Amino acid sequence: MTAQLSMWEPSPGGYFGEFGGSFVPEVLHETLEEVREAFEAARRDPGFWRLYVDTMAEYAGRPTPVTFCPNLTRQLGGAQVYVKREDLNHTGAHKANNVMGQGLLAQRMGKKRVIAETGAGQHGVATATMAARLGFECTIYMGAEDVERQHPNVFWMEQLGAEVVAVTDGTRTLKDAINACLRDWAESMADTHYVMGTVCGPHPFPQMVTWFQSIIGTEARAQMLDAAGALPDAVYACVGGGSNASGIFAGFGEDAGVELVGVEAGGKGIDTGQHAARLAGGQGRTGVAQGYRTVFLQNDEGLMHDTYSCAAGLDYIGVGPILAHLGQQGRIRFESVTDAEVVDALRLAMRTEGIIPALESAHAFAAAVREAPHLSPDQRILVNQSGRGDKDIFTVADALDDEGWREFIRQRAAGYAR
Amino acid sequence: MTVDQRPTLEGRLRERLADKPLLLMTHLVVGYPSLEDNWVMLEAMDAAGVDLVELQLPFSEPIADGPAFVKANHEAIAAGIGWEEYFDLTARASAAFSFETLFMGYYNSVYRMGAEPFAGRLAEAGMRGFIVPDLPPEEAAELREHARANDLDQVQIMTPTSSPARLAEIGRHASGMVYCAARTGVTGRQTDLSQGVPEFLARCREATSVPLGVGFGIRTADDVRALRGLADVAIVGTAGTQAWLDGGEPGYRELLDALVAGTR
Ligand SMILES: Cc1ncc(COP(=O)(O)O)c(C=O)c1O
């Protein structure tokens, strides 16, 4: 019952069209070969996928439901809105899926230690729980700026037994944390697996992370047929590196009638330069960095730009090579939404349905909110709610510009002041 | 394409190896600490008798470098060092000094420039080849073609983790010289040269006949001396930059003199 992923099958060298490949220092060549072989063997072993699904059921709460949203549907006055609830995973996001999949693979490979990069801290927290559960030592690399901005997640990672290393290079954010992981791995590969958090990096990570995340799409497709008696007309997912999008799209890739819509961070607007829209804005250019070829936000001489989003998980220079390829092929349509649209969509989802999407996921909602009114009431759309917003209370309260919260923090801080 | 009988990188190295058992290759990140400092460093290298210099083009995501060079890359970028500044310095250096020069940088810079213009600009700047640590040989066929047309060599990298089959594959693509990384990890840390390095270099030797350079953690004259009889080129990176930062020009010259003495 493993997912069929023929469109996600690379050509030799790990390519999807012109994107992908493996561009790493020679010292990591054999390590990636080892991961590729282990992944191929696991993929051919039906027992492995069963173990993964059972583990996610027992430990993480899968399958996550699909929720019909009658109030939001009425409010938008167009297509019927359904939501895939990845927010209900243990640790509150789809990141838990990939992390457990790679953890089980690392166990098969006999590794003792895992390392991971994290931006907002979501993937770091998920990796730390998996490491505690499966008995790995765990080091999480996090940009120093993110460590300062996202202390609650640092707190949880450390409580879970992980070592958190603040990365002070470069822009001190996610991309620098990825570089730090690659450097650690170049030395520690004998006993360490690098749990890449998204569908980026050198082959086989884009394919492998898609495979684990395809659990989202496989479930969602069956759930839509159950709940609505039909497939959705369109599926919306936010795109940082692209793992939640790849995961849900994987369930519908062969369904030509299902439109796939990837939603990138438009930040303060594409024209301001303060965004992370690599594909939607037309500002991305093909390049090779962090181990793979894709569309990056970079200057004429190939130096990477600073990116920006209110959602830390979308604030990244590159995008999964499979998504870049399917975008070029026209199979996936890419859109961007601004921070302002995201905040409106978040408020709307909370008020109408009592669901609390993460700021990342609210990007997918924002695109759905923009487009649903133009569809007819007998059409259905499915939005991937990749994570929950309530545990990111600091960032969400800032995004919502909530004075009551600020006052609470001031008083709490005064209480700690000596 | 030029039709004169320009000697190859390997030929130039062999010529120098006729006079002494071991050559010295040093490194700098162009624009760090500044272009002016770079020039003084290059003069010092030339005066000391350095044979070969790696000139690194700064990149924002230098995944094969350790903390010292990462910082150097980012500061050089912040100071506005781009292709123009890079090729201006490298061309002047190749013309003014007797050492050979190699490009060092990451593949995105090459990719954005394009294989043919890249090779053309290197040749024009008088360089002999290039080291691109995130470009594996199986991805470099087109670039090697343009390199050959411009009398440039791609310096391949061999590592202690490379399997015999992989070493043989790298060896098939090798020309000019091979860069043997003395240990795993990134640039900038000490390497214990007694630990498995001779055995590793013997495996490299089996895989290729071109001169072998050894880098990663080579810091002192003793380290250099320990490579005599094992390798053809000692490669000193981070230690040089560190000496400049710690001791300025006098400290830098002192280190270079000691390193060159270690080759004789
Ligand atoms: C809730 C949530 N959604 C989306 C993302 C973006 O990642 P991806 O595009 O790989 O799904 C993140 C990343 O941290 C996240 O935490």
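The rules behind the values
- Residues numbered from 1 in each chain as written.
- Chains lettered and ligands numbered in written order.
- Predicted model: local features only at pLDDT ≥ 70, side-chain atom pairs only at ≥ 80, totals over all residues.
- Heavy atoms only, no water.
- Salt bridge = Lys/Arg side-chain N within 4 Å of Asp/Glu carboxyl O.
- Helix = DSSP H or I, 4+ residues; strand = E, 2+ residues; numbered from the N terminus.
- Near = heavy atom within 4 Å.
- Polar contact = N/O pair within 3.5 Å; in protein donor to acceptor, adjacent residues only side chain to side chain.
- Areas by Shrake-Rupley, 256 points an atom, 1.4 Å probe, with all protein chains shown as cover.
- Nonpolar A, V, L, I, M, F, W, Y, C, P; charged D, E, K, R; others polar.
- Disulfide = S-S within 2.5 Å.
- Buried < 20%, exposed > 50% of the residue type's maximum accessible area, 1.4 Å probe, protein only.
- Core = buried A, V, L, I, M, F, W, Y, C linked by side-chain atoms within 4.5 Å.
- Domains from an automatic or database assignment.
- Contact = heavy atoms within 4.5 Å.
- Pairing = 2+ DSSP bridges.
- Axes fitted to C-alpha atoms, helices over the stretch in contact; angles between N-to-C directions.
- Buried area = accessible area lost by both parts, 1.4 Å probe.
- UniProt positions renumbered as here; feature names shortened; annotations may be inferred.

Draft legend 1. Summary view of the pattern of salt bridges. Residue and element names in this part refer to chain A. With the rule as written, the count across this model stands at 45 salt bridges over all chains. A salt bridge links glutamate 9 to arginine 43, with the shortest nitrogen-to-oxygen separation between them at 3.2 Å. Taken together, the residues glutamate 9 in the segment before strand E1 (15–16) and arginine 43 in helix H1 (residues 29–44) connect sequence positions 34 residues apart. Among the charged side chains, a network of salt bridges with common partners joins Glu259, Arg333, Glu335, Glu341, Arg370 and Glu371.

Draft legend 2. Representation of the site of the ligand within the structure. All names here are of chain A. Lining the immediate environment of the ligand, one finds 17 residues, of which Thr198, Gly240, Gly242, Ser243 and Ser386 sit closest. Serine 386 places a side-chain nitrogen or oxygen 2.7 Å from a nitrogen atom of the ligand. Contact with the protein chains removes 96% of the 390 Å² of surface that the ligand exposes when unbound. For the shell around the ligand, a count of residues per class yields 4 nonpolar, 11 polar and 2 charged.

Draft legend 3. Fine view of the state of the cysteines. Residue and element names in this part refer to chain A. What the rule picks out here adds up to 0 disulfides over all chains. Here cysteine 69 is not cross-linked by a disulfide; its sulfur's nearest cysteine counterpart is in cysteine 238, at 16 Å. The structure places no disulfide on cysteine 138, whose sulfur is separated from the nearest cysteine sulfur, that of cysteine 181, by 9.8 Å. Relative accessible area serves as the criterion here: at 8%, cysteine 138 is assigned to the buried category.

Draft legend 4. Spatial organisation of the nonpolar core. Counting residues in hydrophobic clusters, the biggest one holds 113 residues, and the most contacted among them are Trp185, Ile248, Phe249 and Leu382 of chain A together with Met25 and Met177 of chain B. Two domains each put at least three residues into this core: domain 1 (23–59 + 94–205) and domain 2 (63–92 + 214–399) of chain A. Contact partners of methionine 177 of chain B, with chain neighbours within four places excluded, come to Leu9, Leu13, Met25, Leu52, Leu102, Val155, Gln156, Val210, Pro211, Gly213, Val233 and Ile235 of chain B. In this structure, Tyr86, Phe118, Leu135 and Ala182 of chain B belong to the second largest nonpolar core, which totals 75 residues.

Draft legend 5. Looking closely at the sheet that holds strand E7 (residues 163–167) of chain A. All names here are of chain A. Across the sheet, 4 strands lie side by side as E7-E6-E5-E8; this open sheet has parallel pairing. A strand with exactly one partner marks an edge of an open sheet, and here the two such strands are E7 and strand E8 (192–194). Taking the axes of each pair of neighbouring strands and ignoring which way they run, one obtains an average angle of 20 degrees across the sheet. Sheet topology note: the strand E5 (residues 113–118)/strand E6 (residues 137–143) ladder contains 6 bridges and is parallel. The residue of E6 that forms the bridge with isoleucine 115 is threonine 139. Each of E5 and E6 is contacted by helix H5 (residues 122–134), which is oriented at about 165 degrees to E5, the strand it contacts most.

Draft legend 6. Representation of the interface of chain B and chain A in the model. Listed as interface residues are 36 residues of chain B and, on the opposing side, 33 residues of chain A. Between chain B and chain A lies a buried interface of about 2900 Å² when both sides are counted; carbon and sulfur atoms form 53% of it. When the buried surface of chain B facing chain A is broken down by residue, Glu61, Ile63 and Arg112 of chain B rank first, second and third, together holding 23% of it. Across the pair glutamate 61 of chain B and lysine 175 of chain A runs a salt bridge whose closest N-O atoms are separated by 3.0 Å.

Draft legend 7. How the structure looks around the sheet that holds strand E4 (residues 129–131) of chain B. All names here are of chain B. Reading across the sheet, the 9 strands line up as E5-E4-E3-E2-E1-E9-E8-E7-E6 and stay open at both edges, with parallel pairing between neighbours. One side of each edge strand has no neighbouring strand; the edge strands of this open sheet are strand E5 (153–154) and strand E6 (156–158). In terms of strand pairing, E4 meets E5 through 2 bridges, oriented parallel. Its bridge partner lying in E5, phenylalanine 130 is registered against glutamine 154. Those strands touched by helix H4 (residues 83–96) are strand E2 (52–56) and strand E3 (100–104), and its axis lies near 160 degrees from that of E3.

Draft legend 8. Structural context of the UniProt feature "active site" (unreviewed entry) in chain B. Under the present numbering, the feature "active site" (unreviewed entry) in UniProt falls on Glu54 and Asp65 of chain B. Within the secondary structure layout, glutamate 54 of chain B lies in strand E2. Leave out the neighbours within four places in its chain, and glutamate 54 of chain B touches Met25, Thr26, His27, Leu28, Leu102, Met104, Ile131, Tyr179 and Ile235 of chain B. With respect to the helices and strands, the residue aspartate 65 of chain B is situated in the loop between E2 and helix H3 (67–78). What makes aspartate 65 of chain B buried here is its relative accessible area of 2%. Those residues within four positions of aspartate 65 of chain B in sequence are excluded, and the remaining contacts are Arg183 of chain A together with Gln56, Val70, Asn73, Met104, Tyr106, Val186 and Thr187 of chain B. Of note is the side chain of aspartate 65 of chain B, whose polar atom sits 3.0 Å from the side chain of glutamine 56 of chain B.

Draft legend 9. Representation of the domain arrangement of chain A. Residue and element names in this part refer to chain A. Along its sequence, chain A is carved into domain 1 (23–59 + 94–205) and domain 2 (63–92 + 214–399). Of note, the centres of domain 1 and domain 2, computed from C-alpha atoms alone, are 23 Å apart. Taken together, the contacts link 30 residues of domain 1 with 32 residues of domain 2. For the domain 1 and domain 2 pair, buried surface summed over both sides reaches about 2600 Å², with 60% attributable to carbon and sulfur atoms. Area buried by domain 1 at its contact with domain 2 is led by Phe23, His94 and Val199, which between them contribute 26% of it. At the boundary of domain 1 with domain 2, the tally comes to 0 salt bridges. Our enumeration of links across domain 1 and domain 2 arrives at 9 residue pairs in polar contact (both at pLDDT 80 or more). Among the elements of the structure, helix H2 (46–60), helix H4 (95–108), H5, helix H7 (151–159) and helix H8 (174–188) are those that each provide at least two residues to the side of domain 1 that touches domain 2. If one sorts the elements of the side of domain 1 that touches domain 2 by residue count, H8 sits on top with 5 residues. Residue composition of the side of domain 1 that touches domain 2, grouped by class: 17 nonpolar, 11 polar and 2 charged.

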